[in-house]
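# Architecture at a glance
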Amino acid sequence: MRIRPTLLGWKAMSLLAALTLAFFATAYSNLFFLLVATCGALGGLGAVVGAANLRGVAVLGCELPLAAAGERRAVAVRLTAPKPRFDLRVALALAEDGAAPAPVGVCAMVAGPTTLAGELQPRDRGVATVRAVRIASSWPFGLFTASRDVPFAGELTTYPAPAGDARQAAVVAGGRAAGGARDASVAGLRPFRAGDSVTDVHWKATARRGAPVVKERDVEAPLADATVVDRRLPPAAFATALAGAAADVLEHARLGMPLQLRSQGTRLALNGRRDGAAALLRWLAAAAPLPADAGPPQETAS
């Protein structure tokens, strides 16, 4: 629990100091004693009641949905208290050193389970760890602000902002955001026939046999598109590749289509469910570039 004077509180303490000085310096000691006693009592009462106003406030849960970089995020914090609590300001305390709390909103009164809905300011791409929900109040007189952190573990995941032309730009930049990659399971090998796709050629078997050999796909296995992010790209091209991959993930999730996301040491799958994109978007939010001499992205299983 922390209690600090507000701007009004500092002014009130300056007035109290002036009244105390007047009490000792003038002949109207009874009047100034009454004023000093009244101001001191109000200040002490404000600090005690303000601290008591936060006791018993608990966090039942938080809804912290994913959001694109540069977009506002709707959040909801569920609070409860055994007795009515008033004028509670709610913010998310982040684990990063020096990071300012993210304000959620103000709840005029909490009496039993209460949901506070608010919006967070836009954030840059990344994953921020939420360590606590910070509850503060200047009730009842506005002289002191009492605050306390209620422990809560969560994340603010901000994925790259998708752009309409990001996919093509990623191809030009070397991000290789490729669609339509046939990545179904391989049932066997057979000789090349007219009409077979070059992407299905099994090059190792072709070299051994001296004739074109293609991979026979399992007809019952779903064909999944793939988006590939090469983390060895320069910063600008890397950001473009991430934006293209985010556009792919969101579009496939909207259509309910499967998708694979591949990168260095990473291979994630979107199974076609609209709520299954969170893992892929979180990876895009946290992805960091690699040095130019790093290995290539994860290849398709053969």
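Refer to the structure presented above.
Overview of the structure.

Cut-offs and rules
Residues numbered from 1 in each chain as written. Predicted model: local features only at pLDDT ≥ 70, side-chain atom pairs only at ≥ 80, totals over all residues. Heavy atoms only, no water. Axes fitted to C-alpha atoms, helices over the stretch in contact; angles between N-to-C directions. Helix = DSSP H or I, 4+ residues; strand = E, 2+ residues; numbered from the N terminus. Parallel < 35°, antiparallel > 145°, perpendicular 65-115°, else oblique. Left-handed = near helix turned anticlockwise from the far one by under 90°. Contact = heavy atoms within 4.5 Å. Nonpolar A, V, L, I, M, F, W, Y, C, P; charged D, E, K, R; others polar. Expected span 1.5 Å × (residues − 1). Buried < 20%, exposed > 50% of the residue type's maximum accessible area, 1.4 Å probe, protein only. Arc of directions from axis to C-beta. 1 Å grid on protein atoms, 1.4 Å probe; cavity = no way out; pocket = protein on both sides within 12 Å on 5 of 7 lines; lining within 4 Å. Points joined across faces, edges and corners; volume = space filled by probe spheres on them. Core = buried A, V, L, I, M, F, W, Y, C linked by side-chain atoms within 4.5 Å.

### Some points on the packing of helix H1 (residues 7-25) against helix H2 (residues 29-52)
The N-to-C vectors of H1 and H2 enclose an angle of 155 degrees; their axes lie 9 Å apart at closest approach. The angle between H1 and H2 places the two elements in the roughly antiparallel class. Two packed elements cross with a definite hand, and for H1 against H2 that hand is left-handed. Note on element contacts: H2 touches H1 through Ser 29, Phe 32, Phe 33, Leu 35, Val 36, Cys 39 and Gly 40, opposite Leu 16, Leu 19, Thr 20, Ala 22 and Phe 23. Looking at side-chain class alone, the contact of H1 with H2 contains 9 nonpolar, 3 polar and no charged residues.

### As for H1
End to end, H1 covers 27 Å across 19 residues, agreeing with the expected 27 Å (1.5 Å per residue, within 8%). Among the residues of H1, Gly 9, Leu 19 and Ala 22 are the ones counted as buried. One side of H1 carries all its buried residues, which in axial view fall inside an arc of 135 degrees. Projecting away from the buried face of H1 at angles above 90 degrees are the exposed residues Leu 7, Trp 10, Ser 14, Leu 21, Phe 24 and Ala 25. Of the surrounding elements, those touching the buried residues of H1 are strand S1 (2-5) and H2.

### A few points about the layout of surface pockets
Taken as a whole, the second largest pocket holds about 190 Å³ of empty space. Lining of the second largest pocket is provided by Gly 9, Ala 12, Met 13, Leu 15, Leu 16, Cys 39, Gly 40, Leu 42, Gly 43, Gly 44, Leu 143 and Phe 144. Going through the elements one at a time, H1 and H2 are the ones with two or more residues in the lining of the second largest pocket. Tallied by class, residues from the lining of the second largest pocket come to 8 nonpolar, 4 polar and no charged.

### So, the nonpolar core
Formed by 27 residues in total, the largest nonpolar core has its most connected members in Leu 92 and Val 133. Broken down by secondary-structure element, the contributors of at least two residues to this core are strand S2 (58-63), strand S4 (73-80), strand S5 (85-94), strand S6 (102-110), strand S7 (114-120), strand S8 (126-137) and strand S9 (144-159). Discounting residues that sit within four places of it in the chain, Leu 92 has contacts with Leu 64, Pro 101, Ala 102, Val 104, Leu 120, Val 130, Ala 132, Val 133 and Leu 156.

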